[in-house]
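The lines below spell out each chain.
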Amino acid sequence: MPEMPELVVLRERLTPLVAGQKIAKVSVSPKFGFLLRTPPADLAAALEGNRIDGIERRGKFLVFDAGQRRLVLNPMLGGRLHLGEARDRPPAALFALELEGGRRLSLTDFARMARVYLVDAGGLDQVPGWSELGPEAEAVGWEEFQQRIRKHPGELKNLLRNQAFLAGVGNAYSDEILHAAGLLPLRKRPTLRPEELRGLYDAIGEVLGGAVAAIRAQPDYQTHKQDRSFMRVHMRGGQPCPRCGHRIAEIKAGGEITNFCRGCQR
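Note that the structure is a prediction, hence the values are computed from the model and not measured.

Chemist: Mind laying out the environment of Lys60, listing which residues take part and the relevant values?
Modeler: Structurally, Lys60 can be placed in the loop between strand S2 (54-58) and strand S3 (61-66). Residue contacts for Lys60: discarding those within four places in its chain leaves Met1, Pro2, Glu3, Leu7, Leu73, Asn74, Pro75, Gln163, Gly168, Val169 and Gly170.

Chemist: Break down the packing of helix H1 (residues 4-18) against helix H6 (residues 194-216) for me, citing the residues and quoting the values.
Modeler: Remark: H1 packs on H6, axes separated minimally by 8 Å, with the N-to-C direction vectors making an angle of 40°. When the interaxial angle is binned, H1 and H6 end up oblique. When you trace H1 past H6, the crossing you get is right-handed. Residues Met4, Pro5, Glu6, Val8, Val9, Glu12 and Arg13 of H1 lie in contact with H6, whose contacting residues are Leu208, Ala211, Val212, Ile215 and Arg216. Tallied by class, residues from the contact of H1 with H6 come to eight nonpolar, no polar and four charged.

Chemist: Kindly report on the sheet that holds strand S1 (residues 23-28), identifying the contributing residues and their values.
Modeler: Strand order in the open sheet made by the four strands is S1-S6-S7-S5, with antiparallel pairing throughout. Of all strands in the sheet, those with a lone pairing partner are S1 and strand S5 (79-85), marking the two edges. Here the average twist between neighbouring strands, direction ignored, is 15°. As paired elements, S1 and strand S6 (residues 93-99) share five bridges and run antiparallel to each other. The residue of S6 that forms the bridge with Ile23 is Leu99. Across the sheet, H1 lies against S5, S6 and strand S7 (103-109), angled at about 30° from S5, the strand it touches most.

Chemist: Please set out the nonpolar core residue by residue, giving values where relevant.
Modeler: Counting 62 residues, the largest nonpolar core has Phe95, Leu97, Phe145 and Leu200 as its most contacted members. If near-sequence neighbours (up to four positions away) are discounted, Leu97 is found in contact with Ile23, Lys25, Val26, Leu47, Ile52, Leu71, Arg103, Arg104 and Leu105.

Chemist: Would you mind going over the sheet that holds S2 in detail, with residue names and values included?
Modeler: Backbone hydrogen bonds are what pair the strands of a sheet, in a parallel or an antiparallel way. Taken together, four strands build an open sheet; the order of strands is S2-S3-S4-S8 and the sheet is antiparallel. Either end of the sheet is taken by a strand with one partner, and the two such strands are S2 and strand S8 (115-120). Adjacent strand axes in the sheet meet at a mean angle of 25° when their direction is disregarded. Bridge count for S3 against strand S4 (residues 69-74) is five bridges, and the pairing is antiparallel. The partner of Ala66 across the bridge, within S4, is Arg69. Sheet contacts for H1: S2 and S3; angle to S2, the most-contacted strand, approximately 170°.

Chemist: Before we move on, could you go through the environment of Leu99 and cite the residues and values that matter?
Modeler: Note on placement: Leu99 falls in strand S6. For Leu99, a relative accessible area of 6% translates into the label buried. Sequence separation between Leu99 and Gly20 is 79 residues; the distance between their C-alpha atoms is 9.9 Å.

Chemist: Go over the packing of aromatic side chains, please, and point to the residues and values.
Modeler: Evaluated as defined, the whole model comprises five aromatic pairs. Consider the rings of Phe145 and Phe165, whose centres lie 5.8 Å apart with planes at 50°: the pair is tilted. Residue Phe145 is located in helix H3 (residues 142-149), and its partner Phe165 is located in the loop between helix H4 (156-161) and helix H5 (171-181); the two are separated by 20 residues in the primary sequence. Given a relative accessible area of 0%, Phe165 falls into the buried group. Look at Phe145 and Tyr201: their rings are 5.2 Å apart centre to centre, the planes differ by 55°, and that puts the pair in the tilted class. Of this pair, Phe145 sits in helix H3 while Tyr201 sits in helix H6, and the two are 56 residues apart along the sequence.

Thresholds, definitions, all that
Residues numbered from 1 in each chain as written. Predicted model: local features only at pLDDT ≥ 70, side-chain atom pairs only at ≥ 80, totals over all residues. Heavy atoms only, no water. Helix = DSSP H or I, 4+ residues; strand = E, 2+ residues; numbered from the N terminus. Contact = heavy atoms within 4.5 Å. Axes fitted to C-alpha atoms, helices over the stretch in contact; angles between N-to-C directions. Parallel < 35°, antiparallel > 145°, perpendicular 65-115°, else oblique. Left-handed = near helix turned anticlockwise from the far one by under 90°. Nonpolar A, V, L, I, M, F, W, Y, C, P; charged D, E, K, R; others polar. Pairing = 2+ DSSP bridges. Core = buried A, V, L, I, M, F, W, Y, C linked by side-chain atoms within 4.5 Å. Buried < 20%, exposed > 50% of the residue type's maximum accessible area, 1.4 Å probe, protein only. Phe/Tyr/Trp six-rings, centres within 6.5 Å; stacked < 30°, edge-to-face > 60°.

Below, the structure written as structure tokens:
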């Protein structure tokens, strides 16, 4: 699932390529149209002829500014954006924007979980979950972080993934943050000592900032591919921990994987 670091870089790379481009045609796959939260005909009527003025990110959403309308994408587990030539037809494309410059921006999703919304410029609160979003994880200040975390007595892994607490972190980066902080994912928030709480806060900024830098530096970056080879524990179950050498543990629940080190996470 794309999280804050992937979407930050995706926005940076896409914006100069599509901003100012007129949407010549909107194509919707008959197989995947059910994932749209706006009828295909309405989507085409609202967007065709408009220009993409810019792209914004909020949490794990991307927002395309198209005049008086906003096209909001939530990639969820498998959503990916492909920017190619007009002739390109990537498999499992949910819909595509054909741009006047001859390029085609397609949203693909093999998992069939991505969500697409069309709202008026002032109607972003109509997007499910938008109004509940907390501050951006990479930008929250220390004082606000302390105040907000007091309201959440649960497990640290669930806390970090709670978009109402902080926006932008999901399954993968919660593993990385907790490893950096030296904290077990199932540990409860009230058990944290003051220095551990500060360590968790610092780890959020360090991990997310480091991930953005690592993705920006990838020489073969492509908008639709997700290279997380820089991660230290996530999806590395059974491998040695890069900090202490202990075998990285793995827990599977609800179709998702949690990785951590029992040797150096407490």
